[in-house]
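A closer look at the structure
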Amino acid sequence: MKSSVKNILFLLFLSFSCSSLLANIVEPPKDAVTFKGNYYKAFLETNSTWWEAKFACDDIGGELVVINDAEENEFVRTLVRENIVWLGGTDEFEEGTWTWDNGEDFSFKNWDKNQPSANSGHNFLILNGKSGKWADTTDFSAKVKGYICEWKGTAVKKSAK
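A brief look at the structure comes next. (Residues numbered from 1 in each chain as written. Predicted model: local features only at pLDDT ≥ 70, side-chain atom pairs only at ≥ 80, totals over all residues. Heavy atoms only, no water.)

Counting 21 residues, the largest nonpolar core has Ile67, Val76 and Trp134 as the members making the most contacts within it. Elements that contribute at least two residues to this core include exactly strand S2 (38-44), helix H3 (70-80), strand S4 (84-90) and strand S6 (124-128). With four residues, the top contributor of residues to this core is H3. Counting residues in each nonpolar core, the second largest holds twelve residues, with Trp50, Ile126, Ala135 and Trp151 among its members. (Core = buried A, V, L, I, M, F, W, Y, C linked by side-chain atoms within 4.5 Å. Buried < 20%, exposed > 50% of the residue type's maximum accessible area, 1.4 Å probe, protein only. Helix = DSSP H or I, 4+ residues; strand = E, 2+ residues; numbered from the N terminus.)

Here strand S1 (residues 33-35) runs beside S2; their pairing, made up of three bridges, is antiparallel. Its bridge partner lying in S2, Thr34 is registered against Tyr39. For S2 and strand S8 (residues 146-151), the ladder comprises six bridges, and the chain directions are antiparallel. Bridge pairing in S8 links Lys41 to Cys149. (Pairing = 2+ DSSP bridges.)

On to the pattern of salt bridges, then. With the rule as written, the count across this model stands at eight salt bridges. Put simply, Lys36 and Asp69 hold a salt bridge, and the shortest N to O gap is 2.9 Å. Here the residue Lys36 occupies a position in the loop between S1 and S2, and Asp69 occupies one in the loop between strand S3 (63-64) and H3, the gap between them amounting to 33 residues. Judged by relative accessible area, Lys36 falls into the partly exposed class, the value being 44%. Asp69 sits in the partly exposed class, given a relative accessible area of 26%. (Salt bridge = Lys/Arg side-chain N within 4 Å of Asp/Glu carboxyl O.)

Note on placement: Lys130 falls in the loop between S6 and strand S7 (134-137). The exposed category is assigned to Lys130, whose relative accessible area is 60%. Those residues in contact with Lys130 that lie beyond four places of it in its chain are Arg77, Arg81 and Glu82. (Contact = heavy atoms within 4.5 Å.)

Moving on to the environment of Tyr147. Relative to the helices and strands, Tyr147 resides in strand S8. Taking the C-alpha atoms as reference points, Tyr147 and Gly88, 59 residues apart in sequence, are found 9.1 Å from one another. When residues no more than four places from it in sequence are discounted, the contact partners of Tyr147 are Lys41, Ala42, Phe43, Thr46, Ser48, Ala53, Ala56, Cys57, Leu64, Val85 and Trp86.

Looking at the secondary structure, you find Ser48 in the loop between S2 and helix H2 (50-59). The contact partners of Ser48, leaving out residues within four places of it in the chain, are Ala53, Trp86 and Tyr147.

To continue, consider H3. Those residues of H3 lying buried are Glu72, Asn73, Phe75, Val76, Arg77, Leu79 and Val80. Lining the buried residues of H3 we find S1, S2, S4, S6, S7 and S8. Capping the start of H3 is the job of one residue whose side-chain oxygen sits 3.2 Å from the backbone nitrogen of Glu71: Asp69. Two residues or fewer after H3 comes Arg81, characterised by a positive phi angle close to 55 degrees. (Polar contact = N/O pair within 3.5 Å; in protein donor to acceptor, adjacent residues only side chain to side chain.)

On to the environment of Gly96. Mapped onto the elements of the fold, Gly96 is located in the loop between S4 and strand S5 (99-100). Classification of Gly96 as exposed rests on a relative accessible area of 55%. The spatial distance from the C-alpha of Gly96 to the C-alpha of Pro116 is 8.0 Å, given a sequence separation of 20 residues.

Our focus in this paragraph is the state of the cysteines. Following the criterion strictly, the structure yields one disulfide and no others. Each sulfur in the disulfide pair Cys57 and Cys149 lies 2.0 Å from the other. In this structure the cystine formed by Cys57 and Cys149 twists about its S-S bond by roughly -90 degrees; its chirality is therefore left-handed. Of this pair, Cys57 sits in helix H2 while Cys149 sits in strand S8, and the two are 92 residues apart along the sequence. (Disulfide = S-S within 2.5 Å.)

Here it is in structure tokens:
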């Protein structure tokens, strides 16, 4: 009798442990597109602030897009068409020190001329879909019409042929 109670308790523990582990695995939306092993989804024609966009991505298990190289920048530019969108970069915590919201190294940069502007309050990173260039702006910029969410490492990487 004691052994069957122990077995039941063990199975309950195992069940709760596995369900909590699986709760951290997030499926991107079905219409997200893949690139280099990650999923991306553009949310265009929105008037979100940077923080609203960040929380919207967080709520669906993604993050505001982080761009690590020129190829990824061009891929994201094609997703946004001619819109200006939020990226996951900010210097809100230390003016002039740009960081990605997810903590990745901010090594690749694609600033437009005279950018970043170093204007007080221009703490959030945008991408211009026409040029692919970056600029900084305020959190309440009316010119920003969307954002990109990214799910890292969730897509099957295609092998080179």
